[in-house]
Amino acid sequence: MPLSLTVLGAASPHPGPGRPCSGYLVRGGGAEVWVDAGPGTFAELQRHTDPARLTAIWISHLHADHSADLLAAVYAYAFGGLTPPVPVPVYAPADLPRRLAGFLGRPDAAFLGGVLDFRPLYDGHEVRHWNLRLTARAVAHGTEAYGLRAESQGSVLAYSGDSGPCDALTELAHHADVFLCEADLDRHRDGARPVHLTPEDAGAHAKGARTLVVTHVGPGLTRESAVDRAAAVFGGRTTAAREGGTTTF
Ligand SMILES: [Zn+2]
């Protein structure tokens, strides 16, 4: 099995019943990586794997709808007995330890050193776990934010994280088997620098990919309308991320 994507959650901007916010389990090359920790996704993660045995956690940016369930992971790892055999590498913007410590009322995150191994992301950051390579690219979200390219044995998954239109998304999607791309907005507001994509933007940035999976569909859209609008621009196979669904490629 070269690479698989399991959708733990895809809702924006808040979770609903049975609908966690952004979170995915990416498996390939002997590695298992929890990508984005939106509210509700830590519970869903446990349907698919033992969180204590994750190879790594990879967080696109620190907005709560992509990172809040790291608190649930801390409670499980540090207090709940799901203690990992070695600290789990957490790839994320550099401010993550300070944010977690602040929420937990601690002066710093040193007390988590036995369970989490914080590793700051930067544009072009690349790491390999077994036969899974993860590459981060800075994207346009008005805060430090990254898209991801995950590659294993010739299969490629690209993920937008949250982003407005930018060249890095097109580069991430180039020759990807699956481009998992946000489509949060019904339309752009006049004059504002966009920090999210419309379905048409997602379709345009997906041109170099084989398949487009729209996710993070905002409240001004339905998943069906986002798929139709993105597909009209992309011209290739287009689906919507659905909770619990697994794609292998
Ligand atoms: Zn965001």
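Sequence order sets the numbering: in each chain, residues are counted from 1 along the sequence as written. With pLDDT at 70 or above as the cut-off, local features in this predicted model cover only qualifying residues; side-chain atom pairs require 80 or more to be listed or tallied, and sums for whole chains, interfaces and linings still use all residues. Calculation of side-chain values draws on the structure's entire complement of heavy atoms; hydrogens and water are dropped beforehand.

Engineer: What should I look at first to understand the UniProt feature "domain: Metallo-beta-lactamase" (unreviewed entry) in the chain in this one?
Structural biologist: UniProt's entry tags residues 33-216 with the feature "domain: Metallo-beta-lactamase" (unreviewed entry), counted in the numbering of this structure. For helices the rule is a DSSP run of H or I covering at least 4 residues; for strands it is a run of E covering at least 2, with both sets numbered from the N terminus onward. Along residues 33-216 one finds 24% helix and 28% strand; the C-alpha atoms at either end are 19 Å apart. UniProt positions are given in the numbering used here, feature names are shortened, and annotations may be inferred rather than shown by experiment.

Engineer: Help me understand the coordination of the zinc ion, please; the structure alone is not making it clear to me.
Structural biologist: Ideal values differ by geometry: the angle at a metal is 109.5 degrees with four tetrahedral donors, but 90 or 180 degrees with six octahedral donors. We call an atom a donor if it is N, O or S and sits within 2.8 Å of the metal, or 3.2 Å for Na, K and Ca. Water is not counted, so some sites may look partial. Within the protein, the atoms that donate to the zinc ion are His61 (NE2), His63 (ND1), His141 (NE2) and Asp162 (OD), at distances of 2.2 to 2.4 Å. Donor angles set the geometry label: tetrahedral for four donors if every angle is between 85 and 135 degrees, square planar for four and octahedral for six if opposite donors exceed 155 degrees and the others are between 65 and 115, irregular for anything else. Classification of the site at the zinc ion rests on its 4 donor atoms, whose angles at the metal span 87 to 175 degrees, yielding the label irregular. In terms of primary sequence, the donors binding the zinc ion are separated according to H-x1-H-x77-H-x20-D. You can see His63 sitting in the loop between strand E4 (56-58) and helix H2 (64-67) and its partner His141 sitting in the loop between strand E8 (132-138) and strand E9 (146-152), a full 78 residues away along the chain.

Engineer: For this particular structure, what's the right way to read the packing of helix H3 (residues 70-79) against helix H4 (residues 96-103)?
Structural biologist: Packed helices, taken two at a time, are described by the angle between their axes plus the distance between the axes. To get an axis, a line is fitted to the C-alpha atoms, and for a helix only the part in contact is used. The angle between two axes follows their N-to-C directions and goes from 0 to 180 degrees. Closest axis-to-axis distance for the H3/H4 pair is 11 Å, and the angle between their directions is 70 degrees. It follows from the interaxial angle that H3 and H4 lie roughly perpendicular. Here H3 contributes Leu70, Leu71 and Val74 to the contact with H4, which in turn contributes Leu96, Leu100 and Phe103. Charged residues are taken to be Asp, Glu, Lys and Arg, nonpolar residues to be Ala, Val, Leu, Ile, Met, Phe, Trp, Tyr, Cys and Pro, and polar residues to be all remaining types, Gly included. Of the residues belonging to the contact of H3 with H4, the class tally is 6 nonpolar, no polar and no charged. Should an angle fall under 35 degrees it is taken as roughly parallel, and over 145 as roughly antiparallel, whereas 65 to 115 is taken as roughly perpendicular and any remaining angle as oblique. Residue contacts are counted whenever heavy atoms from the two residues lie within 4.5 Å of one another.

Engineer: How should the pairing of strand E13 (residues 237-240) be read in this particular structure?
Structural biologist: Consecutive side chains of a regular strand alternate in pointing toward one face of the sheet and then the other. Only protein chains enter the area calculation, which uses a 1.4 Å probe; residues under 20% of their type maximum are buried, those over 50% are exposed, and those in between are partly exposed. Side chains Thr238 and Ala240 project from E13 onto a buried face, and the interleaved Arg237 and Thr239 project onto a face without burial. A crossover links strand E12 (residues 211-215) with its parallel partner E13, the connecting element being helix H7 (residues 223-234), and its sense is right-handed. With the strands aimed away from the viewer, a crossover counts as right-handed if its path from the first strand over the helix to the second runs clockwise.

Engineer: So what exactly am I meant to see when it comes to helix H1 (residues 41-48) here?
Structural biologist: Helical geometry note: an α-helix holds 3.6 residues per turn, so side chains three or four residues apart project in the same direction. Looking at H1, one finds that the buried residues are Thr41, Phe42, Glu44 and Leu45. In a view along the axis of H1, the buried residues occupy a sector of 155 degrees, so they form one face of it. Its buried side turned inward, H1 meets strand E1 (3-9), strand E2 (23-28), strand E3 (31-37) and H3. Our arc is simply the arc of the directions from the helix axis toward the C-beta atoms.

Engineer: Explain the sheet that holds strand E14 (residues 246-248) here, please?
Structural biologist: Strand pairing in a sheet relies on backbone hydrogen bonds, with the paired strands running either antiparallel or parallel. Spatially, 7 strands are ordered E6-E5-E4-E3-E2-E1-E14 in an open sheet, and the strand pairing comes out mixed. The open sheet has two free edges, formed respectively by strand E6 (116-120) and E14, since each of these has just one partner strand. Going from strand to strand, the sheet's axes swing by 20 degrees on average, the running direction of each strand aside. Along the sheet face, H1 touches E1, E2 and E3 and points at about 140 degrees away from the line of E1. Paired strands, as defined in this entry, are two strands with at least two bridges between them according to DSSP.

Engineer: Help me understand the environment of Thr248 in this model?
Structural biologist: With respect to the helices and strands, the residue Thr248 is situated in strand E14. For the pair formed by Thr248 and Gly40, sequence separation is 208 residues and the distance between their alpha carbons is 23 Å.

Engineer: What's the story with the side chain of Glu32 in this structure? I'm lost.
Structural biologist: The topology assignment puts Glu32 in strand E3. Residue classification places Glu32 among the buried positions, given a relative accessible area of 17%. Beyond its immediate sequence surroundings of up to four residues, Glu32 is in contact with Leu25, Val26, Arg27, Thr49, Arg53, Leu54, Thr55 and Ala56.

Engineer: Is there a simple way to explain the pattern of salt bridges in this structure?
Structural biologist: Where side chains of opposite charge bring their charged atoms close, a pairing between them can arise. We define a salt bridge as a side-chain nitrogen of Lys or Arg found within 4 Å of a carboxyl oxygen belonging to Asp or Glu. This model, assessed by the stated rule, comprises 16 salt bridges. Between Arg27 and Glu32 there is a salt bridge; the shortest N-O distance is 3.2 Å. The class of Arg27 is partly exposed, set by a relative accessible area of 21%. For Glu44, the salt bridge is made with Arg47, and the minimal N-O distance between the two is 2.6 Å.

Engineer: Would you mind going over the state of the cysteines with me for this structure?
Structural biologist: Each disulfide consists of a covalent bond between the sulfur atoms of two cysteine residues. Cysteine sulfur atoms are paired as a disulfide whenever they fall within 2.5 Å. What the rule picks out here adds up to 0 disulfides. As a non-bridged cysteine, Cys21 has Cys181 as the owner of its nearest cysteine sulfur, 17 Å distant. Classification of Cys21 by relative accessible area gives buried; the value is 0%. The thiol of Cys166 is unpaired, and the distance to the nearest cysteine sulfur, on Cys181, comes to 9.5 Å. Note on Cys166: relative accessible area 16%, which makes it buried.

Engineer: I keep staring at unusual backbone geometry and nothing clicks. Help me out?
Structural biologist: Phi is mostly negative for residues that are not glycine, and the peptide bonds are mostly trans. Following Ser12, the chain continues to Pro13 via a peptide bond in cis, the omega torsion being -5 degrees. When you line up the elements, Pro13 lands in the loop between E1 and E2. You will see that Trp130, though not glycine, has its phi angle at about 55 degrees, which is positive. With respect to the helices and strands, Trp130 occurs in the loop between strand E7 (126-129) and E8. Within the chain, His216 stands out as a residue other than glycine whose phi angle is a positive 55 degrees.

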